[in-house]
Structure formats: structure tokens, C-alpha cells
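Report on the structure
As a plain string of letters, each chain reads:
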Amino acid sequence: MAQSSLDVMGFQHIINKSIDELDSVLRDINKKIHEDPELGYSEFKAHDNIVSLLREQDFAITPHAHGLETSFACSYGNGGRIVAFNVEYDALPGIGHACGHNLIATGSIAAFLGLVAVLKSNPSLEGTALLLGTPAEEGGGGKLKLIAAGAYENVSACLMTHPFSAPGNVAYGSCMASSKFRATFTGKAAHAAVAPHEGINALDAAVLAYNGTSMLRQQIKPDQRIQGVLLEGGERANIITPKSVLDYNVRGITLGETKDLQKRVVKCFEGAAIATGCSVEFLETNTYADLRPSRALCVAFSEVMKGVAPDHSWPVGETPEPGAYSTDQGNVSHICPSFHGVYAIPVKDNAVNHTPGFTKAAGTDDAHKLTILTSKGMAGVGMRVLFDDAFAKNVEDQFEETQKAED
């Protein structure tokens, strides 16, 4: 459809009205997810509650989709281009929804329902809205498994928004690549008092590796990150520790840079193994790619939000604003045009993501209202991707140019 014949204002009115009319339903799912947090790949209640919501709205839905127990897929349309909305709903251990995935889920569900309302308003419109349940973003790499299963094949644009404690909204932002691995040192048990000389201390190896990576930080770039935690380090002080396990996360601006840094980190572990006489084995857990947002989608979102929420600013610069976080949405952005808008929600005592204070903020009415505003913006952008041929072509061309330039 040519842009000149596209009833943008009329379609946006349908989107806004339909989302507002479903606000009680959206509040209910937001509350259910927030009050009953579940860890990655164990989001059974969230999965079932969202599936029930969509069935109550008369959608055909595929639960346990793409080989994942807590994923789902729901689409509506009659061919044409496909716009996907990602639904996250996993929580963090011990602190619940401290990254606001209850809000991410609510916003994507609302955007999907808003875009579907436009499709239903005129059966002659071509296009498909797709809602994807994407479990285990917090380190589990759910979207990586969905990519491998073909969930994003033929998707013209994939959209989601993310709440943050940042001072302002970011429409056009990137984030870091991340490579996660687990290291296991194996030594030899011995009585720590009677015959310590017969043991090989795997805890010493872990401490040496940790200290080595801590010193390495002095010689890495300011925007690189090395983070680690000791998972196993022995059970009794009077036993020379025969096994230790560490989880590490290495971050850099690009995937290539991240992998190069990881090689340096691994040398710290290998050196610790040599120094203590232990053996060391590595297990790659998952790798999150750097986020490559579609500037065309970001500009369109910013324009839509001027009408949806004129008091809120969504500036778009010439280059993406860098973020120090990582997400598996980055991997999605390498295979189809993507949008990952970041919006500020009110917090107390400067609480940031991944803290108990942010968990409380993510459950507030203000956070819900801001999320609903972003959902209207996403649906508005999705509408243009489906119905505006020139815009969709621009999005596709920009994506291909970005991939060539980055690769």
C-alpha cells in the first residue's frame, strides 16, 4: 500500500482505542506475572496465564512452541509481511522481576492486540501480527533457541520495549555483546590437617583465576566488562577442595571484540590450573550478540510517540546510544530488522535494574501506564511495516546495509 493512501491517523486511533479498552485485561496479566516470579525455562504459570488470556480473546495459539515448554506463538493475519512482538517473562533469582519483564510482556501483548485490531477493522488488509513467547532472557538465551528453531524466519520487523531506571527514554540504542562460560577446576581431595601435601587444591585455582581476571581489568578497554562468581568452592575446611566451579560473563562492544577478550580471560584460568596442578575444563553457555537497532524503525517509533505521548521525548541521534547491558534481542537484531526501545519508569532511592528497588518500581501503576504508551507506539510502527510498502523497503534496505557494514 502506498503511503499516500495509508490512513495512519485512523489506524492509530483504532490501535489506541483497542488497547485502552483492554486495559483491565492487561493490568491483570501484568500483576499475575509480577506477583509470581519464575526463573528462566520455568515460567510455567506466566506461560499458561498468557495462553489463557489469548484464548479468551478468541485467538488460536500454539503453547510450548518451537520445542520450548514455556514458549508460545500466536499469529493473526492473512499473509503479507510479518511483524513480531517479543514477550519476556522470566525473573531473577531472589529478587523477582527486578528487570521489569512483567512490563515487557504486557507491552508486547498490548502492541500485538492493537495491531490485530487494525487488521480486523478491514479484512482486505494484508499483513500478519505475530506474538512470540521468549523465555529465559536472563542468561538462558531463549531467543537463541527460538532463532535456531526458525521462529523469526520471514519476519520483516521484530519489536519490544524495555523498562529502565535511566533518566530518559532511548529509542535508538545499542548494547554490548556478551559471552558466558563456566569453568571447572579439578584437583584432589586430602585431609587438610593430616596430609595437605597429598591434595591438589581446586579452591586455590579458583581464587587465583578470580584474582587474575581482577588484575586483567586494568588492561582492558573502559567499555569492556569481566564479571564472575564462584558457584562451588568446597564443603569442609578440613578437606582440600577437589572441585571448584565459576561462572563468567565477558562483554564487549562487538561479538568479535568480546571473543578476543574471552581468550585473555581463559588464559587466566589456564595459568591458575598450571600454578596449582589442577585441570580445568570450560563449558560455553551462551553468547549474546551486540544490539543492532533499525534506525528506520526507531525514527518511526519516535514519530508515533509524538502523537501518543507528546509530553514524552524519544530522541533519535545519528548513531545508536550505547548501553552497558546485554540481551538476546541482540541476536534477533542480526537476523531481522529490530527495535528495542528503552523507557524510564519512576524509581525510589535511585534504584537501578537488577535490584529489589526496581522490582517494586516494576509493579507500580505508573510503570504500567508508561508501558501501555510504548505499546501504542510499537503497534503504530508495526502498522507502517505491514501496510506502507516504501517504509518496509527502507527498513529492509537499511538492515542489509548495516549487516554488511558490521560484518
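The coordinates are above.
Quick look at the structure, then. (Residues numbered from 1 in each chain as written. Predicted model: local features only at pLDDT ≥ 70, side-chain atom pairs only at ≥ 80, totals over all residues. Heavy atoms only, no water.)

Let us look at the overall build of the protein chain. Scanning the protein chain from N- to C-terminus turns up 12 helices and 10 strands. Over its C-alpha atoms the protein chain spans a radius of gyration of 23 Å, differing by no more than 12% from the 22 Å that the globule rule assigns to 407 residues. Dimensions along the principal axes, computed over C-alpha positions, put the protein chain at roughly 85 × 45 × 40 Å. Split into buried and exposed, the 407 residues of the protein chain put 53% on the buried side. Contacts in the protein chain between residues at least 24 apart in sequence constitute 79% of all its contacts with a sequence separation of at least 6. Total accessible area on the protein chain is roughly 17,600 Å²; 52% of this is exposed by carbon and sulfur atoms. (Helix = DSSP H or I, 4+ residues; strand = E, 2+ residues; numbered from the N terminus. Rg over C-alpha atoms; globule rule 2.2 N^0.38 Å. Buried < 20%, exposed > 50% of the residue type's maximum accessible area, 1.4 Å probe, protein only. Contact = heavy atoms within 4.5 Å. Areas by Shrake-Rupley, 256 points an atom, 1.4 Å probe, with all protein chains shown as cover.)

All right, on to the packing of aromatic side chains then. Considering all chains together, one arrives at 13 aromatic pairs under this definition. Seen in terms of ring centroids, Phe 164 and Tyr 325 are 5.1 Å apart; in terms of plane orientation they differ by 50 degrees. Their pairing is tilted. One end of the pair, Phe 164, is in strand β5 (residues 155–164); the other, Tyr 325, is in the loop between α8 (295–308) and α9 (329–333), and 161 residues separate them in sequence. Comparing Phe 164 with Tyr 325 shows no difference in burial state: the two are buried. Both rings, one in Phe 301 and one in Phe 339, keep their centres 4.6 Å apart while their planes meet at 35 degrees; by these two values the pair is tilted. Highlighted residues: Phe 301 in helix α8 and Phe 339 in strand β10 (residues 338–344), separated in sequence by 38 residues. Within the aromatic cluster, the residues linked to one another by ring pairs are Phe 181, Phe 185, Tyr 248, Phe 269 and Phe 282. If you follow Lys 120 out to its NZ or CZ, it ends over the ring of Phe 59, 5.1 Å from the centre. For Lys 180, the ring lying beneath its charged end belongs to Tyr 288, and the centroid distance is 3.7 Å. (Phe/Tyr/Trp six-rings, centres within 6.5 Å; stacked < 30°, edge-to-face > 60°. Lys NZ or Arg CZ within 6 Å of the ring centre and 35° of its normal.)

Of all 10 residues in strand β6 (residues 177–186), 7 are buried; the element is thus mostly enclosed. Bridge count for β6 against strand β8 (residues 243–252) is 10 bridges, and the pairing is antiparallel. Note on β8: the bridge partner recorded for Thr 186 is Lys 243. Taken together, the 9 bridges between β6 and strand β9 (residues 279–288) define a ladder with antiparallel strand orientation. Opposite Ser 179, over in β9, you have Thr 287 as the bridge partner. (Pairing = 2+ DSSP bridges.)

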